[in-house]
Amino acid sequence: MDFLSVEPSSVLRVLCGLWFIPHCIGKMRNVGPASATFAKAGFHPAGAFVIITIIAELIAGSGLVLNIFPKLAAGLAVAVLLGASYAVLRINGWNWRWQKQGPEFMIFWSAACVLAVLD
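These numbers were taken from a predicted model, which means no experiment stands behind them.

A.B. asks: Sorry, what's going on with the overall build of the chain here?
C.D. replies: Helix and strand content of the chain: six helices and zero strands. Tracing the chain from N to C terminus, the helices and strands come up as α-α-α-α-α-α. If you line up the chain on its principal axes, its C-alpha atoms span 50 × 25 × 20 Å. The proportion of buried residues among the 119 residues of the chain is 35%. Look at the contacts in the chain between residues 6 or more apart in sequence, and 59% of them connect residues 24 or more apart. If you sum the accessible surface of the chain, you get close to 7,400 Å²; carbon and sulfur atoms cover 72% of it. Averaging the positions of the 8 positive and the 5 negative side-chain charges in the chain gives two centres separated by 19 Å.

Structure representation (structure tokens):
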């Protein structure tokens, strides 16, 4: 195998992990508004859920990017993203499309995380 060749699943795995960076930064810079969103979705205590989510996203993202327990990292990523999908549906109703702030991106991202670590 040529050292410059890269498996497409590896690229997908790294991208899935990197996408957590802006997610985490947004929450860290806006803990108050993020807590209000978590509370609106029914997650209490909201501040604790924000911190737990940031930690889970950092662990999942790092695991995917660095290929450390990638299947476990993908499972954690899916758990976080399905929780976010639930929150979006709870806040915005059963809308699918992005124009109505639906969960389609998070569901797609979840599927990509799983596909990236399949053997």
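Right, picking up where we left off after that structure.
A.B. asks: It is not clear to me how the packing of aromatic side chains should be interpreted in this structure. Could you clarify?
C.D. replies: In this description, a pair of aromatic rings is defined by centroid distance and the angle of the planes. Per the stated rule, a full pass over the model turns up five aromatic pairs. Ring geometry for Phe20 and Trp109: centres 4.5 Å apart, planes at 35°, overall tilted. Pair noted here: Phe20 is in helix H2 (residues 20-29) and Trp109 is in helix H6 (residues 104-117), with a separation of 89 residues, a long-range link. The exposure class of Trp109 is buried, given its relative accessible area of 4%.

A.B. asks: When you look at the UniProt feature "transmembrane region" (unreviewed entry) in the chain in this model, what are you seeing that I'm missing?
C.D. replies: When the UniProt feature table is mapped onto this chain numbering, "transmembrane region" (unreviewed entry) sits at residues 46-66 and 72-89. End-to-end, the C-alpha atoms of residues 46-66 are 30 Å apart, and along that stretch the chain is 100% helix and 0% strand. Between the first and last C-alpha atoms of residues 72-89 the distance is 26 Å; the span itself is 100% helix and 0% strand.

A.B. asks: How should H6 be read in this particular structure?
C.D. replies: Given 3.6 residues to a turn, an α-helix orients residues that are three or four positions apart in the same direction. Taking 1.5 Å per residue as the helical rise, H6 with its 14 residues ought to reach 20 Å, and the 21 Å between its terminal C-alpha atoms agrees with that figure. For H6, every residue scored as buried is listed here: Glu104, Met106, Trp109, Ser110, Ala112, Cys113, Ala116 and Val117. Along its buried surface, H6 packs onto helix H1 (8-18), H2, helix H4 (46-66) and helix H5 (70-92).

A.B. asks: So what exactly am I meant to see when it comes to the side chain of Ser85 here?
C.D. replies: Along the chain, Ser85 falls in helix H5. Under the relative-accessibility criterion, Ser85 is labelled buried at 4%. Here Ser85 is in contact with Pro103, Met106 and Ile107, once residues within four sequence places are set aside.

A.B. asks: Would you take a moment to explain H4 for this structure?
C.D. replies: Here H4 is 21 residues long and its end C-alpha atoms lie 30 Å apart, about the 30 Å a rise of 1.5 Å per residue gives. What H4 keeps buried is the set Ala46, Val50, Thr53, Ile54, Ala56, Glu57, Ala60, Gly61, Gly63 and Leu64. Considering only its buried residues, H4 is in contact with H1, H2, helix H3 (31-40), H5 and H6. Of the residues one or two after H4, Asn67 is the one with positive phi, at around 60°.

The rules behind the values
Residues numbered from 1 in each chain as written. Predicted model: local features only at pLDDT ≥ 70, side-chain atom pairs only at ≥ 80, totals over all residues. Heavy atoms only, no water. Helix = DSSP H or I, 4+ residues; strand = E, 2+ residues; numbered from the N terminus. Buried < 20%, exposed > 50% of the residue type's maximum accessible area, 1.4 Å probe, protein only. Contact = heavy atoms within 4.5 Å. Areas by Shrake-Rupley, 256 points an atom, 1.4 Å probe, with all protein chains shown as cover. Lys, Arg positive; Asp, Glu negative; His and termini not counted. Charge placed at Lys NZ, Arg CZ, Asp CG, Glu CD. Phe/Tyr/Trp six-rings, centres within 6.5 Å; stacked < 30°, edge-to-face > 60°. UniProt positions renumbered as here; feature names shortened; annotations may be inferred. Expected span 1.5 Å × (residues − 1).

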